[in-house]
Amino acid sequence: MMKIKPYLKNKKRLSIVAASIVVLGLLGGGGLYLSQSKGNELNKTNEKANSNQAANNDQQTPENLKGKENTQNTTPNVTIPSTQNNQPATTPLVLMDVSIQAIKSPDGSISLSLYGSQGVYDVEKCASYQSGQCSSGWVLKVSGQNYSGHGGLSIETINASEGNPSYTVYKIVNGKRVSTSKPITINTASIVDTKTFIGE
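Remember, it's a predicted structure, so these values are computed and weren't measured experimentally.

Conventions used here
- Residues numbered from 1 in each chain as written.
- Predicted model: local features only at pLDDT ≥ 70, side-chain atom pairs only at ≥ 80, totals over all residues.
- Heavy atoms only, no water.
- Helix = DSSP H or I, 4+ residues; strand = E, 2+ residues; numbered from the N terminus.
- Contact = heavy atoms within 4.5 Å.
- Areas by Shrake-Rupley, 256 points an atom, 1.4 Å probe, with all protein chains shown as cover.
- Core = buried A, V, L, I, M, F, W, Y, C linked by side-chain atoms within 4.5 Å.
- Buried < 20%, exposed > 50% of the residue type's maximum accessible area, 1.4 Å probe, protein only.
- Phe/Tyr/Trp six-rings, centres within 6.5 Å; stacked < 30°, edge-to-face > 60°.
- Polar contact = N/O pair within 3.5 Å; in protein donor to acceptor, adjacent residues only side chain to side chain.
- Salt bridge = Lys/Arg side-chain N within 4 Å of Asp/Glu carboxyl O.

1. Some words on the overall build of the chain
Link 1 in the chain: Scanning the chain from terminus to terminus reveals one helix and twelve strands.
Link 2 in the chain: Its helices and strands in sequence order give the chain the pattern α-β-β-β-β-β-β-β-β-β-β-β-β, from N to C terminus.
Link 3 in the chain: At a minimum sequence separation of 6, the contacts of the chain that also span at least 24 residues come to 56%.
Link 4 in the chain: When the accessible surface of the chain is totalled, it reaches about 14,900 Å², and 54% of it is carbon and sulfur.

2. Quick look at the nonpolar core
Link 1 in the chain: Formed by 20 residues in total, the largest nonpolar core has its most connected members in Leu-112, Leu-114, Ile-155, Tyr-167, Val-169 and Ile-186.
Link 2 in the chain: Of all the secondary-structure elements, those providing two or more residues to this core are strand S2 (99-104), strand S3 (109-115), strand S4 (119-126), strand S7 (138-147), strand S8 (153-159) and strand S9 (166-173).
Link 3 in the chain: Once you skip the residues sitting within four places of it in the chain, Leu-114 turns out to touch Val-98, Ser-99, Tyr-121, Val-123, Tyr-147, Gly-152, Leu-153, Ile-155 and Val-169.

3. Digging into the packing of aromatic side chains
Link 1 in the chain: Within this structure, the stated rule accounts for one aromatic pair.
Link 2 in the chain: Ring geometry for Tyr-121 against Tyr-147: centres 6.3 Å apart, planes inclined by 65°, an arrangement best described as edge-to-face. With Tyr-121 in strand S4 and Tyr-147 in strand S7, this residue pair connects regions lying 26 residues apart in the sequence.
Link 3 in the chain: Given the relative accessible area of 0%, Tyr-121 is considered buried.

4. Examining the environment of Ser-166
Link 1 in the chain: With respect to the secondary-structure elements, Ser-166 resides in strand S9.
Link 2 in the chain: For Ser-166, a relative accessible area of 5% gives the class buried.
Link 3 in the chain: The spacing of Ser-166 and Lys-125 is 41 residues in sequence and 5.9 Å in space, taken between C-alpha atoms.
Link 4 in the chain: Residue contacts for Ser-166: discarding those within four places in its chain leaves Glu-124, Lys-125, Cys-126, Tyr-129, Trp-138, Pro-183, Ile-184 and Thr-185.
Link 5 in the chain: At 3.5 Å, the side chain of Ser-166 and the side chain of Thr-185 are in polar contact.

5. Details of the pattern of salt bridges
Link 1 in the chain: For the structure on display, the rule yields five salt bridges.
Link 2 in the chain: Across the pair Glu-124 and Arg-177 runs a salt bridge whose closest N-O atoms are separated by 3.0 Å. Here the residue Glu-124 occupies a position in strand S4, and Arg-177 occupies one in strand S10 (residues 176-180), the gap between them amounting to 53 residues.
Link 3 in the chain: Since its relative accessible area comes to 12%, Glu-124 is described here as buried.
Link 4 in the chain: As a salt-bridge pair, Glu-162 and Lys-125 come within 2.3 Å of each other at their nearest N and O atoms. With Glu-162 in the loop between S8 and S9 and Lys-125 in strand S4, the pair connects residues that are 37 residues apart, well separated along the chain.
Link 5 in the chain: Judged by relative accessible area, Glu-162 falls into the partly exposed class, the value being 37%.
Link 6 in the chain: By relative accessible area, Lys-125 is classed as buried at 10%.
Link 7 in the chain: One salt-bridge network, held together by shared partners, links Lys-125, Lys-141, Glu-156 and Glu-162.

Take a look at the structure:
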(Lines give C-alpha, C1' and ligand atoms only; values in the text may rest on other atoms or scores of the structure.)
Protein backbone atom coordinates (compact mmCIF):
# COMPACT_ATOMS: atom_id res chain seq x y z
CA MET A 1 0.00 0.00 0.00
CA MET A 2 2.82 2.28 0.79
CA LYS A 3 4.39 1.59 -2.62
CA ILE A 4 1.18 2.33 -4.53
CA LYS A 5 0.65 5.75 -2.94
CA PRO A 6 4.00 7.21 -4.04
CA TYR A 7 3.42 5.67 -7.42
CA LEU A 8 0.02 7.26 -7.62
CA LYS A 9 1.43 10.52 -6.41
CA ASN A 10 4.12 10.32 -9.06
CA LYS A 11 1.58 9.28 -11.65
CA LYS A 12 -0.55 12.28 -10.71
CA ARG A 13 2.39 14.51 -11.05
CA LEU A 14 3.27 12.98 -14.37
CA SER A 15 -0.30 13.39 -15.54
CA ILE A 16 -0.33 17.00 -14.46
CA VAL A 17 3.00 17.59 -16.16
CA ALA A 18 1.84 15.77 -19.28
CA ALA A 19 -1.44 17.62 -19.28
CA SER A 20 0.42 20.86 -18.78
CA ILE A 21 2.70 20.04 -21.68
CA VAL A 22 -0.27 19.17 -23.85
CA VAL A 23 -2.07 22.36 -22.85
CA LEU A 24 1.03 24.42 -23.41
CA GLY A 25 1.58 22.71 -26.72
CA LEU A 26 -1.94 23.41 -27.78
CA LEU A 27 -1.71 26.95 -26.61
CA GLY A 28 1.63 27.43 -28.31
CA GLY A 29 0.44 25.80 -31.49
CA GLY A 30 -2.79 27.69 -31.30
CA GLY A 31 -0.88 30.93 -30.74
CA LEU A 32 1.31 30.08 -33.69
CA TYR A 33 -1.78 29.26 -35.72
CA LEU A 34 -3.44 32.47 -34.58
CA SER A 35 -0.36 34.54 -35.37
CA GLN A 36 -0.10 32.88 -38.79
CA SER A 37 -3.80 33.50 -39.41
CA LYS A 38 -3.46 37.13 -38.39
CA GLY A 39 -0.38 37.46 -40.58
CA ASN A 40 -2.22 35.93 -43.54
CA GLU A 41 -5.21 38.19 -42.95
CA LEU A 42 -2.89 41.20 -42.70
CA ASN A 43 -1.16 40.18 -45.93
CA LYS A 44 -4.53 39.73 -47.63
CA THR A 45 -5.64 43.14 -46.38
CA ASN A 46 -2.43 44.74 -47.67
CA GLU A 47 -2.75 42.98 -51.03
CA LYS A 48 -6.37 44.15 -51.32
CA ALA A 49 -5.38 47.72 -50.43
CA ASN A 50 -2.55 47.60 -52.97
CA SER A 51 -4.85 46.24 -55.68
CA ASN A 52 -7.44 48.94 -54.86
CA GLN A 53 -4.71 51.59 -55.02
CA ALA A 54 -3.51 50.23 -58.36
CA ALA A 55 -7.08 50.26 -59.68
CA ASN A 56 -7.51 53.84 -58.50
CA ASN A 57 -4.24 54.79 -60.17
CA ASP A 58 -5.40 53.15 -63.39
CA GLN A 59 -8.64 55.13 -63.24
CA GLN A 60 -6.89 58.39 -62.37
CA THR A 61 -4.29 58.08 -65.10
CA PRO A 62 -6.78 58.46 -68.01
CA GLU A 63 -8.52 61.26 -66.11
CA ASN A 64 -5.19 63.00 -65.65
CA LEU A 65 -4.46 62.50 -69.33
CA LYS A 66 -7.89 63.86 -70.18
CA GLY A 67 -7.14 66.88 -68.06
CA LYS A 68 -3.85 67.39 -69.90
CA GLU A 69 -5.57 66.96 -73.25
CA ASN A 70 -8.22 69.46 -72.22
CA THR A 71 -5.52 71.88 -71.14
CA GLN A 72 -3.78 71.45 -74.46
CA ASN A 73 -7.03 71.82 -76.40
CA THR A 74 -7.94 75.04 -74.57
CA THR A 75 -4.70 76.69 -75.63
CA PRO A 76 -5.72 79.65 -77.83
CA ASN A 77 -4.97 79.31 -81.51
CA VAL A 78 -1.95 81.32 -82.52
CA THR A 79 -2.32 83.07 -85.81
CA ILE A 80 0.92 83.31 -87.76
CA PRO A 81 1.07 86.59 -89.65
CA SER A 82 1.23 86.17 -93.39
CA THR A 83 4.36 87.24 -95.19
CA GLN A 84 4.00 90.84 -96.25
CA ASN A 85 4.84 91.68 -99.80
CA ASN A 86 6.97 94.68 -100.62
CA GLN A 87 4.64 96.07 -103.24
CA PRO A 88 3.54 99.67 -102.75
CA ALA A 89 0.06 100.28 -101.36
CA THR A 90 -2.72 100.71 -103.88
CA THR A 91 -3.65 104.04 -102.24
CA PRO A 92 -0.71 106.47 -102.50
CA LEU A 93 0.49 108.33 -99.42
CA VAL A 94 -0.54 111.95 -99.02
CA LEU A 95 2.02 114.34 -100.53
CA MET A 96 2.21 117.36 -98.21
CA ASP A 97 5.25 119.37 -99.33
CA VAL A 98 4.01 120.65 -102.70
CA SER A 99 2.25 123.85 -103.74
CA ILE A 100 1.27 125.65 -106.95
CA GLN A 101 2.31 129.25 -107.47
CA ALA A 102 0.11 131.40 -109.69
CA ILE A 103 1.53 134.53 -111.38
CA LYS A 104 -0.93 136.89 -113.06
CA SER A 105 0.29 138.72 -116.18
CA PRO A 106 -0.93 142.18 -117.32
CA ASP A 107 -2.97 140.54 -120.09
CA GLY A 108 -4.94 138.55 -117.42
CA SER A 109 -3.37 135.15 -118.15
CA ILE A 110 -2.14 133.18 -115.18
CA SER A 111 1.04 131.03 -115.21
CA LEU A 112 1.04 128.07 -112.86
CA SER A 113 4.23 126.44 -111.49
CA LEU A 114 4.81 123.51 -109.13
CA TYR A 115 6.99 123.96 -106.02
CA GLY A 116 8.18 121.24 -103.71
CA SER A 117 11.08 118.93 -102.93
CA GLN A 118 13.37 117.48 -105.59
CA GLY A 119 11.86 114.56 -107.47
CA VAL A 120 9.84 113.35 -110.44
CA TYR A 121 6.21 114.53 -110.70
CA ASP A 122 2.95 114.07 -112.59
CA VAL A 123 0.29 116.79 -112.48
CA GLU A 124 -3.36 116.22 -113.44
CA LYS A 125 -6.14 118.76 -113.93
CA CYS A 126 -9.86 118.18 -113.44
CA ALA A 127 -11.54 118.07 -116.87
CA SER A 128 -14.84 119.62 -115.82
CA TYR A 129 -16.71 120.75 -112.72
CA GLN A 130 -20.22 120.60 -111.39
CA SER A 131 -21.24 122.55 -108.28
CA GLY A 132 -17.60 123.31 -107.59
CA GLN A 133 -16.59 119.63 -107.63
CA CYS A 134 -14.62 117.71 -110.24
CA SER A 135 -17.23 115.70 -112.13
CA SER A 136 -15.59 114.01 -115.11
CA GLY A 137 -12.07 112.76 -114.46
CA TRP A 138 -8.60 114.22 -114.68
CA VAL A 139 -6.40 115.25 -117.61
CA LEU A 140 -2.62 114.76 -117.45
CA LYS A 141 -0.80 118.12 -117.73
CA VAL A 142 2.72 117.16 -116.57
CA SER A 143 4.03 113.62 -117.07
CA GLY A 144 7.16 112.29 -115.34
CA GLN A 145 8.94 115.65 -115.12
CA ASN A 146 12.15 115.80 -113.10
CA TYR A 147 12.13 118.78 -110.76
CA SER A 148 15.35 120.02 -109.15
CA GLY A 149 13.60 121.55 -106.14
CA HIS A 150 14.48 125.13 -107.20
CA GLY A 151 12.63 127.77 -109.21
CA GLY A 152 9.40 125.94 -109.95
CA LEU A 153 8.21 123.39 -112.53
CA SER A 154 5.92 124.92 -115.17
CA ILE A 155 2.46 123.31 -115.34
CA GLU A 156 0.42 125.45 -117.77
CA THR A 157 -0.99 128.93 -118.43
CA ILE A 158 -4.72 129.53 -117.94
CA ASN A 159 -7.13 132.44 -118.46
CA ALA A 160 -8.66 134.24 -115.49
CA SER A 161 -12.06 133.49 -117.01
CA GLU A 162 -11.49 129.78 -116.52
CA GLY A 163 -12.88 129.91 -112.99
CA ASN A 164 -11.30 127.77 -110.25
CA PRO A 165 -9.39 124.88 -111.84
CA SER A 166 -8.25 122.04 -109.56
CA TYR A 167 -4.96 120.10 -109.81
CA THR A 168 -3.57 116.93 -108.23
CA VAL A 169 0.19 116.37 -107.92
CA TYR A 170 1.79 112.90 -107.84
CA LYS A 171 5.35 112.03 -106.82
CA ILE A 172 6.94 109.27 -108.95
CA VAL A 173 9.55 106.75 -107.72
CA ASN A 174 10.84 104.02 -110.08
CA GLY A 175 8.06 104.80 -112.53
CA LYS A 176 5.27 104.42 -109.94
CA ARG A 177 3.14 107.01 -108.17
CA VAL A 178 4.02 106.65 -104.51
CA SER A 179 2.27 109.71 -103.06
CA THR A 180 -0.41 112.18 -104.08
CA SER A 181 -1.41 115.65 -102.96
CA LYS A 182 -4.85 116.73 -101.90
CA PRO A 183 -6.58 118.59 -104.76
CA ILE A 184 -5.11 122.08 -105.16
CA THR A 185 -7.78 124.54 -106.31
CA ILE A 186 -6.71 127.82 -107.94
CA ASN A 187 -9.05 130.67 -107.03
CA THR A 188 -8.36 132.90 -110.06
CA ALA A 189 -10.43 135.83 -108.69
CA SER A 190 -8.16 136.06 -105.64
CA ILE A 191 -4.93 136.47 -107.66
CA VAL A 192 -3.76 140.08 -107.88
CA ASP A 193 -0.09 139.52 -108.74
CA THR A 194 1.35 136.31 -107.26
CA LYS A 195 -0.30 133.78 -104.97
CA THR A 196 0.59 130.31 -103.71
CA PHE A 197 -2.04 127.57 -103.33
CA ILE A 198 -1.80 124.32 -101.37
CA GLY A 199 -3.95 121.19 -101.23
CA GLU A 200 -7.04 121.41 -99.05
